[in-house]
Amino acid sequence: VDDIYLYLVPDTSTRIAGLQTGEYHFAYGIPYDNFDMIDSDPNLDTIMTPSANIFLGFNKVEGISTNFDLRSAINTGLDAEAVMMAAFPNPDFFWLDSGYMDIGIKNWASQAGSEYYNRNDPEKAKQMLADMGYNGEEFRIMVTRDYDHHYNAGVVIHEQLRQLGINATLEVYDWPTLLDKRENDLSAWDAFITTSSIVSTPPQLIALSPTWAGGVNDESVGEAIRAIETASSLEEAQALWDDLQLYAWEELIPIVQFGGYNDLFGYSHNVQGLTTMTGPVFWNVSVSE
């Protein structure tokens, strides 16, 4: 093709209708619930491509979530598979994985600390809460409805925490407001639901950043990241990353990692040469009449 025209179409139904009528050759952001409809249309096809990891991020600077024992109890009690099934209603849309780095990034994918992942042990979590002296303090979770998978995951997480005996509240904001509170009002929240796009090296991980969402609040993490960046070989850096991921799971728990998921796109059958990485690649695309 000589030209590519990008149209901003916020309304999902309008975007899908345009794809079905041939007004658009390609559509981003197909809701997962529309997969079967697009996939069964003889004139259309779907693409799923790895996108991001979804997790529960903790406030590690102010409030109740600064307590490691609480973070550990929550990590012990949550059922990652139930969360992922709520967010992505088809097992083909997601995968369970303990790694902070996406499993497709072969140089850095790690299983260090996987024994702490998806423990799904509510009874142990309740005992941990009792041992730490938890006394019904409010646990405020921020979530947005602007992304269905964020909200659907949040509803299940909220219910699971209530079943553990945690006085969890789900506070729903539009996405810009959530971002503002997350970065500028640390007194307003204890945890939030978000996703982290696939990155190519561990130092890019926002979950281990010293500044993002109040920061990881652990100087040793920054030291470990710098050691990875300055390692003399890939093998040395990989070993250091294994150590850091184990530390994150075992002694820090800045997030509860649930797994990774695919983005869903739709396109017309008369489009050829379309490839994807973490999104569509339009080089060498042609459109037949």
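For the structure, check the block above.
Residues numbered from 1 in each chain as written. Predicted model: local features only at pLDDT ≥ 70, side-chain atom pairs only at ≥ 80, totals over all residues. Heavy atoms only, no water.

## A short note on the overall build of the chain
Working step 1: Within the chain one finds 9 helices and 11 strands.
Working step 2: Taken against the 2.2 N^0.38 rule, which gives 19 Å for 289 residues, the C-alpha radius of gyration of the chain at 21 Å falls within 12% of a compact globule.
Working step 3: With the principal axes as the frame, the chain shows a C-alpha extent of 70 × 45 × 35 Å.
Working step 4: Counting only contacts in the chain whose residues sit at least 6 apart along the sequence, the fraction spanning at least 24 positions is 74%.
Working step 5: Carbon together with sulfur atoms contributes 48% to the accessible area of the chain, which is approximately 13900 Å² in total. (Helix = DSSP H or I, 4+ residues; strand = E, 2+ residues; numbered from the N terminus. Rg over C-alpha atoms; globule rule 2.2 N^0.38 Å. Contact = heavy atoms within 4.5 Å. Areas by Shrake-Rupley, 256 points an atom, 1.4 Å probe, with all protein chains shown as cover.)

## Examining the environment of G222
Working step 1: Its place among the elements puts G222 in helix α8 (residues 219-229).
Working step 2: With 92 residues separating them in the primary sequence, G222 and A130 have C-alpha atoms 33 Å apart.

## Looking at the side chain of S268
Working step 1: Position of S268 relative to the elements: it lies in strand β7 (residues 255-268).
Working step 2: Ignoring sequence-local partners within four residues, the contact set of S268 consists of L19, Y24, H25, N43 and L44.

## Side note on unusual backbone geometry
Only a minority of non-glycine residues have a phi that is not negative, and only a minority of peptide bonds are not trans.
Working step 1: The backbone of A213 shows a phi angle near 50°, a positive value even though the residue is not glycine.
Working step 2: Its place among the elements puts A213 in the loop between β6 (191-197) and α8.
Working step 3: By relative accessible area, A213 is classed as buried at 1%.
Working step 4: Despite not being glycine, N284 has its phi angle at roughly 65°, a positive value.
Working step 5: Structurally, the position occupied by N284 is in the loop between β10 (280-281) and β11 (286-287). (Buried < 20%, exposed > 50% of the residue type's maximum accessible area, 1.4 Å probe, protein only.)

## Overview of the packing of α8 against helix α9 (residues 234-252)
Working step 1: Two numbers describe how α8 lies on α9: the axes approach to 9 Å, and their chain directions differ by 165°. Looking at the two axes, α8 sits roughly antiparallel to α9. The handedness of the crossing between α8 and α9 is left-handed. Across the interface between the two elements, S220, V221, A224, I225, A227 and I228 from α8 touch A237, L240, W241, L244, Y247 and L252 from α9. (Axes fitted to C-alpha atoms, helices over the stretch in contact; angles between N-to-C directions. Parallel < 35°, antiparallel > 145°, perpendicular 65-115°, else oblique. Left-handed = near helix turned anticlockwise from the far one by under 90°.)

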